[in-house]
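# Observations on the model geometry
Residue strings, one per chain:
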Amino acid sequence: MEATAVSLARSVLDGVLSSAGSAIADEVARLIGVPKEVDFIRNEMEMMQSFLKVVSAHPEATVRNDIVKTWVKHVRDLAYDVEDCLLDFALYADRTSSSRVGSWLPGAIAERRRIAERIRDLKASVEALNQRHQRYLQIAVGPAAGVPEAQSSSALHEHDEHSAELAAFQVSDIIGRDTEIKAVTKLLSVSNGALRVVSVWGMGGMGKSSLVRMVHNDPDVLAEFDCRAWITVPHPLDNPDVFKRRLKKELAVPHGHMIEDHLRDKRYLVIVDDLLSQDEWENIWQAFRFRNEKDSRIIVTTRREDVARHCHCAGAGDVAEGNKELIYELKPLLSKESKRLLYQKVYKTTNYDLPSDMEEQASHILRRCRGLPLAISTIGGLLANRPKTSIEWRNLHEHLGAELESDLRNITKVIVSSYDGLPYHLKSIFLYLSIFPENHEIRRTRLLRRWMAEGYIAKNRDMPADVVGDRFYNELINRSMIQGSKAISGVRADRCRVHSMVLKIILSKFIEENQLLLIEKHSNEIPQSKIRHLVVSRWKGRDEELQRTNLSYVRSLTIFGDYPASLVSPKLRLLRVLDLEDTINLKNDDLKHIGELRHLRYLCLRGTDVSKLPSSLQNLRYLETLDIQDTQVTQLPRGIAKLEKLCYLLAGVNFSKDLLQKMGSGKDKHKVGLLSCLCCNQGECCKVFNASVRAPEGIEKLQNLHMLGVVNVGNGNGVAGRLKKLTNLTNLRRLGVEGLTEKQGHDLCQSIGELRRLQRLEVRSDSLTFLTQMGELQVPAHLVSLRLCGNLSSLPNWIGSLNDLAKVKLLGTQLNQKDIERLQDLRNLTLLGLWENSYIGDSLHFCTGTFPKLKFLDIDGLEKIEKVSIDKGAMPELKKLWINTCPSLQDNSSGLSGVPDLWNLNELLLKKCGEKENLTKILQRQISDHHKRPRFLIGKSIVPTSPSTPHTDS
């Protein structure tokens, strides 16, 4: 992973050059008398950046040249120092622009001299670094400066040997993949005469090559083809002739003959193993651009979903038409198969009865492996050569990180290979994920906003930074570097996690590069080096020990668990990210120094017990994200309108299934009105739920806001008439309001009609009937998400005109069947949530031809519902159907009908609906006969769909 230092250095330099090239930097440089020095530093940094681009394009040269590697690390550290200086630049410029007179006071003059001196020191450091590099490079320069063609081809040959060796290693231990082998074999058997491309994709180490090799070696499969070839793709593959030469060699094409002439009249099977990019596929497809109507097949294995789909949609052109089902995702092993594979490696048999104490340790180890076959096989090989005792297995589990660095070379090679295949801009943000603990589900928005605050994502021409970040996030999922959680095709993965094995490796690399200090429990040693990211996790030591940590270079501080006293202090002068989400025992007084962290861009207090923010918050002129959702804060500081760079202001209580429970108390919650506690200023209900945040004064001045919500704009909150001024927020993409009166509801409708960029709207009120009087011309044309909480009685007609609407979540709306029919023709609706009291009928009916793109139907808390009936042809794309807390559901085939006709269903949930023994048995039979064998979740278990179907805990 030597490329790590290069990618980190390039990321830092990108940010430095962006700042150094600004007009404000030039102005301040002239003001303090160092324009030549700044120009020199800028020019040198540009040359360094160009050099790093060459290095990153040829990582094999860097590996063999330790001088280059060391120089790259020094460049990165120096770039950080330059960026630190530019941060001081920016603060000084901000102050001088607001007070020209004050810039000539003695204190300001002294500050100018300090900054000027620091810039001169940096110039000297840049010169010294370049001279040092040249001096030692001359001593060591030699053949390693380039990559001879012979060595390059040798490296490719070594890659092939490694891939074949790894595939063979996995094939000898493949267990629990019978269903997958049959599924891929079946994809080869469909006959229509045309060439077909089958893609098998999944993260590295999942066993894709092993699976395909089992199919490839099946005698019944071999008998169907005249010839076959297995090509492991050499990387980088930037020339179609390289692949053609390998294919000719594998097929034993006579010298002087063309591939197309050799294959034109044959039924062939070609395996293209370890495809990394769409460009590589385009080069490979050049070899197959000839007519062949013999039912030939190509099987592609890749780690990237987008590449798997591109092989059909782009590369194969017309032969791929109708081939959506030829893309197969290989998923992790389930718990039963994971155990069988581990026992096979350790005891050479899949059936072995472990003692209870060792069974417990085995479960811990397998939980870390998360169903990754390569991880299980490699760890099993380790355990096979150790004493088979509980304490020995526990020691391996506790020191698994160290073992990964030494013995588990196969896992490391696969992960490093995946990492090295990333473009440099993805390497830095991928390593950044090591900040989060093992098995932690990371919220997508949390990750994106942190990336932006750190400077990892910049605006790309006319594309906003958050859109660029979204693309990077999706690309990491497509490349199987991170795992999208609870995601289905067509519905964005709003949370992700990193596989435990991957995390251990990238964590050690991030720490090695002096980027991350991880303080866990009782850390014995606190280093004093230039740490850029500090993570305190489950700290149980003395707080005085943390005070010895050098905080002056820290860019991000993240705390998991208990908050160590007095950690947020003025020492964190360069801090950009302060993430205290879900921190325990955080008090208001712990934030007293917040206003002194002048470079802070991201402040997250979500899920803490904080009830008041300090007035000094107004000093954070660079703050982009303020997240106080699910806290006790009810009022924002007066000076909040001074935060001109604020883009994301999140407050109030998150829109969730238990929102109504939070807003009421027990059986009396419906007597007081669904949302009356949001509108009142006093009363018992507010003692139960006192987290309604008043809209701040001057909110209309924050014209950079992309997200605002949820804020209370009801009576008594001092914002009368201010709703009309929301039209000033022209960049607003997401808006959430609550506590509206009828008149304010009309004002809101008029305002949002002029917010042309609004994409997500959330409205909570005791009554939402004002929405039915809103004309179609007032509705934002590109609304993609709608959340409504409150009595609506009937859906407004304009909903049918929202062709971009993808997500609808409803709470307490009290709708009927006719309202559901108003949603049924929305052509892009992928998610529908019908939650507590949102529907008041006793039956719910989905007609043929309705909800054409719906992927996820979530029915929860509809206590009166007795029947859910789905006609054949309704919801043809549905993948997940959840029915939760519907106790009146009939315990017969009428309770839920139509499941067998949901052709794409892969998950059915029936939970907390009371004793439904007959309905459960009926659904179990239907699921067992379903061609996709969906998961069937009841309570906390997944019901096996047949005796041979694997199952696991949900």
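Provided above is the structure to which this section pertains.
Residues numbered from 1 in each chain as written. Predicted model: local features only at pLDDT ≥ 70, side-chain atom pairs only at ≥ 80, totals over all residues. Heavy atoms only, no water.

### Quick look at the overall build of the protein
Counting secondary structure elements, the protein contains 31 helices and 29 strands. Put simply, the protein has 954 residues, and 54% of those count as buried. Once local pairs closer than 6 in sequence are excluded, the contacts in the protein between residues at least 24 apart make up 67%. Of the accessible surface of the protein, which amounts to about 41300 Å², a share of 48% is contributed by carbon and sulfur atoms. (Helix = DSSP H or I, 4+ residues; strand = E, 2+ residues; numbered from the N terminus. Buried < 20%, exposed > 50% of the residue type's maximum accessible area, 1.4 Å probe, protein only. Contact = heavy atoms within 4.5 Å. Areas by Shrake-Rupley, 256 points an atom, 1.4 Å probe, with all protein chains shown as cover.)

### Considerations on the nonpolar core
Core analysis: the largest hydrophobic core is formed by 112 residues, its most contacted members being Leu626 and Leu735. Residues in contact with Leu626, not counting those within four places in the same chain, are Leu603, Leu613, Leu617, Leu636, Ile640, Leu646, Tyr648, Leu649 and Leu650. With 87 residues, the next largest nonpolar core counts Leu330, Tyr343, Cys496 and Tyr648 among its residues. (Core = buried A, V, L, I, M, F, W, Y, C linked by side-chain atoms within 4.5 Å.)

### As for the sheet that holds strand 22 (residues 843–846)
The three strands lie next to each other as 22-24-26, forming an open sheet whose pairing is parallel. Only two strands of the sheet have a single neighbouring strand rather than two, namely strand 22 and strand 26 (896–897). By the bridge criterion, four bridges tie strand 22 to strand 24 (residues 867–870) in an arrangement that is parallel. Note that in strand 24 the partner of His845 across the bridge is Ser869. (Pairing = 2+ DSSP bridges.)

### Quick notes on the packing of aromatic side chains
This structure, assessed with the given rule, holds ten aromatic pairs. Judged by centre distance (5.9 Å) and plane angle (35°), the rings of Phe655 and Trp835 are tilted. Taken as a pair, Phe655 in the loop between strand 15 (648–650) and helix 26 (659–663) and Trp835 in the loop between strand 21 (831–834) and strand 22 lie far apart in primary sequence, 180 residues in all. Aromatic ring contacts, followed pair by pair, group Phe243, Tyr268, Trp281, Trp285, Phe288 and Phe290 into a single cluster. Over the face of the ring belonging to Tyr648 we find Arg449, whose NZ or CZ atom lies 4.5 Å from the ring centre. Taking the ring centre of Tyr622 as reference, the NZ or CZ of Arg601 above it sits at 5.1 Å. (Phe/Tyr/Trp six-rings, centres within 6.5 Å; stacked < 30°, edge-to-face > 60°. Lys NZ or Arg CZ within 6 Å of the ring centre and 35° of its normal.)

### Details of the sheet that holds strand 2 (residues 227–232)
Overall, parallel pairing links the five strands, which are arranged 2-3-4-1-5 in an open sheet. Edge strands, defined here as strands with exactly one partner in the open sheet, are strand 2 and strand 5 (327–329). Across this sheet, the average inter-strand angle for adjacent strands is 15°, counted without regard to direction. Sheet analysis places strand 1 (residues 196–201) next to strand 5, joined by three bridges and oriented parallel. Bridged to Ser199 within strand 5 is Ile327. The strands that helix 13 (residues 278–285) touches are strand 1, strand 3 (268–275) and strand 4 (297–302); relative to strand 3, the one it contacts most, it runs at about 155°. (Axes fitted to C-alpha atoms, helices over the stretch in contact; angles between N-to-C directions.)

### A short note on the side chain of Asp466
Looking at the element boundaries, Asp466 is found in helix 23 (residues 465–478). Salt bridges are absent for the buried Asp466, whose nearest opposite-charge side chain, Arg733, sits at 4.5 Å. With near-sequence residues (within four places) excluded, Asp466 lies in contact with Leu448, Met452, Tyr648, His706 and Arg733. (Lys, Arg positive; Asp, Glu negative; His and termini not counted. Salt bridge = Lys/Arg side-chain N within 4 Å of Asp/Glu carboxyl O.)

Geometry only, nothing functional implied.
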